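# Architecture at a glance
Here is what each chain is made of, one letter per residue.
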Amino acid sequence: MGKGGALSESVLKKILLSYTYVGIWIFLSFTVIVYNKYILDKKMYNWPFPISLTMIHMGFCSSIAFCLVRVFRLVEPVSMSRDLYLSSVVPIGALYSLSLWLSNSAYIYLSVSFIQMLKALMPVAVYSIGVLFKKDSFKSDTMANMLSISVGVAIAAYGEARFDSWGVFLQLGAVAFEATRLVMIQILLTSKGITLNPITSLYYVAPCCFVFLLVPWIFVELPVLRESSSFHFDFVIFGTNSLCAFALNLAVFLLVGKTSALTMNVAGVVKDWLLIAFSWSVIKDTVTPLNLFGYALAFLGVAYYNHSKLQALKAKETQKKAAQADEEAGRLLEEREGDGMGKKSESQD
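Small disclaimer: the values here were computed from a predicted structure and weren't measured.

Reading the values: the criteria
Residues numbered from 1 in each chain as written. Predicted model: local features only at pLDDT ≥ 70, side-chain atom pairs only at ≥ 80, totals over all residues. Heavy atoms only, no water. Helix = DSSP H or I, 4+ residues; strand = E, 2+ residues; numbered from the N terminus. Buried < 20%, exposed > 50% of the residue type's maximum accessible area, 1.4 Å probe, protein only. Contact = heavy atoms within 4.5 Å. Areas by Shrake-Rupley, 256 points an atom, 1.4 Å probe, with all protein chains shown as cover. Lys, Arg positive; Asp, Glu negative; His and termini not counted. Charge placed at Lys NZ, Arg CZ, Asp CG, Glu CD. Patch = residues over 30% accessible without salt bridge, like charges linked within 9 Å, V, L, I, M, F, W, Y side chains within 5 Å. Salt bridge = Lys/Arg side-chain N within 4 Å of Asp/Glu carboxyl O. Axes fitted to C-alpha atoms, helices over the stretch in contact; angles between N-to-C directions. Parallel < 35°, antiparallel > 145°, perpendicular 65-115°, else oblique. Left-handed = near helix turned anticlockwise from the far one by under 90°. Nonpolar A, V, L, I, M, F, W, Y, C, P; charged D, E, K, R; others polar. Bend = angle between axes of the 7 residues up to and from the residue. Polar contact = N/O pair within 3.5 Å; in protein donor to acceptor, adjacent residues only side chain to side chain.

### Thoughts on the overall build of the protein
Assigned secondary structure in the protein consists of 12 helices and zero strands. Secondary structure of the protein in N-to-C order comes out as α-α-α-α-α-α-α-α-α-α-α-α. On the principal axes, the C-alpha backbone points of the protein span a range of 100 × 50 × 50 Å. Expressed as a percentage of its 349 residues, the buried residues of the protein come to 40%. Within the protein, contacts between residues at least 6 apart in sequence are counted, and of these 84% link residues at least 24 apart. For the protein, the accessible area works out to roughly 19800 Å², and carbon and sulfur atoms hold 66% of it. Between the centroid of the 29 positive side chains of the protein and the centroid of its 24 negative side chains there is a distance of 5 Å.

Take a look at the structure:
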């Protein structure tokens, strides 16, 4: 009874901790998205400078990561040569900077709810680019599933009340660059045995992003910022916004490290529905029945995709355990045969 009670208490504690990590991630992800929308939207804070906002985030995250790695030495840096940095981290940093720039730009033109619906195309982009770079194998049933997600998003787009072609182009571009970045991480880092946690990732990638964004910022936003002499940098707004962005990176590490990537995907779906509800009820964005129908169709496709991935991972894990068991049984059999041969030679002597 005592052991059962202790076991139940231990399991309950793990479940509560998992829900806590999920709750923290949903809250921070929700906050960063709404906060960015508030800053960039012309009807709200009215500071439509997405490159500048992204550079503030990258500068803040670079500074904190540098302090944690080099000053306080709370996190160990990864052993990385200059050639490896230039060939692996720099391309990933370039893709990340483009993804952040375009996704933040989309908030100026599109509603929060519609952006979440367009983000449902991420599995489609990741799978397609994975097949293109031969990191995933082409399967007709998976491609049919990707097609169902795309149809759902297309229906949601058709039913969008505030449809803006440029905004959709920006968000789709952001999805494409982010999907390419995720595949490139597998090709350029994971395949070489290099794993980066959120702190070391920011330590290496954030400064790279800042430098890449500096070029378009000089030509696109700096001249406009110089003309708007009425603007005064609000340290409270941009400081808390950057702090939330940094905390979100830590929350991702906690969520994936303490639960699983699949849990994060499921939590992401919950977050998307919450954002759609918030966008409709608080920001007063128009959400049409066709929007919801299309997104529900896409959501079912994404859910099935995640389920298929989970089943594939379980099957792979089962095969791995079976192979290990066979190897162990073979080793024991060899040992027994060796012992038998030894005893036989002793009896002949």
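### With respect to a nonpolar patch on the surface
Residues Phe-210, Val-211, Leu-214, Val-215, Ile-218, Phe-219 and Val-220 make up a contiguous nonpolar surface patch of roughly 630 Å² in combined accessible area. Structurally, Val-220 can be placed in helix 8 (residues 198–220). Judged by relative accessible area, Val-220 falls into the partly exposed class, the value being 46%.

### Some points on the packing of helix 3 (residues 82–109) against helix 8
Interhelical geometry of helix 3 versus helix 8 gives an angle of 60 degrees and a closest axis separation of 8 Å. Regarding the angle of helix 3 to helix 8, the classification is oblique. Between helix 3 and helix 8 lies a crossing whose hand is right-handed. Listed contacts from helix 8 to Tyr-85, Val-89, Val-90, Gly-93, Ala-94, Tyr-96, Ser-97 and Trp-101 of helix 3 are Tyr-204, Val-205, Cys-208, Cys-209, Phe-212, Leu-213 and Pro-216. For the contact of helix 3 with helix 8, a count of residues per class yields 13 nonpolar, two polar and no charged.

### Here we look at helix 8
The largest bend along helix 8 measures about 35 degrees and falls at Val-205, with the proline Pro-207 one to four residues further on. You can read the cap of helix 8 off the contacts: a side-chain oxygen lies 2.9 Å from the backbone nitrogen of Ile-199, and it is on Asn-197.

### Some details on the side chain of Glu-160
Locating Glu-160 in the fold gives a position in the loop between helix 6 (140–158) and helix 7 (165–188). Salt bridges are absent for the buried Glu-160, whose nearest opposite-charge side chain, Arg-162, sits at 5.8 Å. In terms of polar contacts, Glu-160 uses its side chain to reach the backbone amide nitrogen of Arg-162, at 3.3 Å. Leaving out residues up to four positions away in the same chain, Glu-160 has contacts with Ser-111, Phe-114 and Asn-291.

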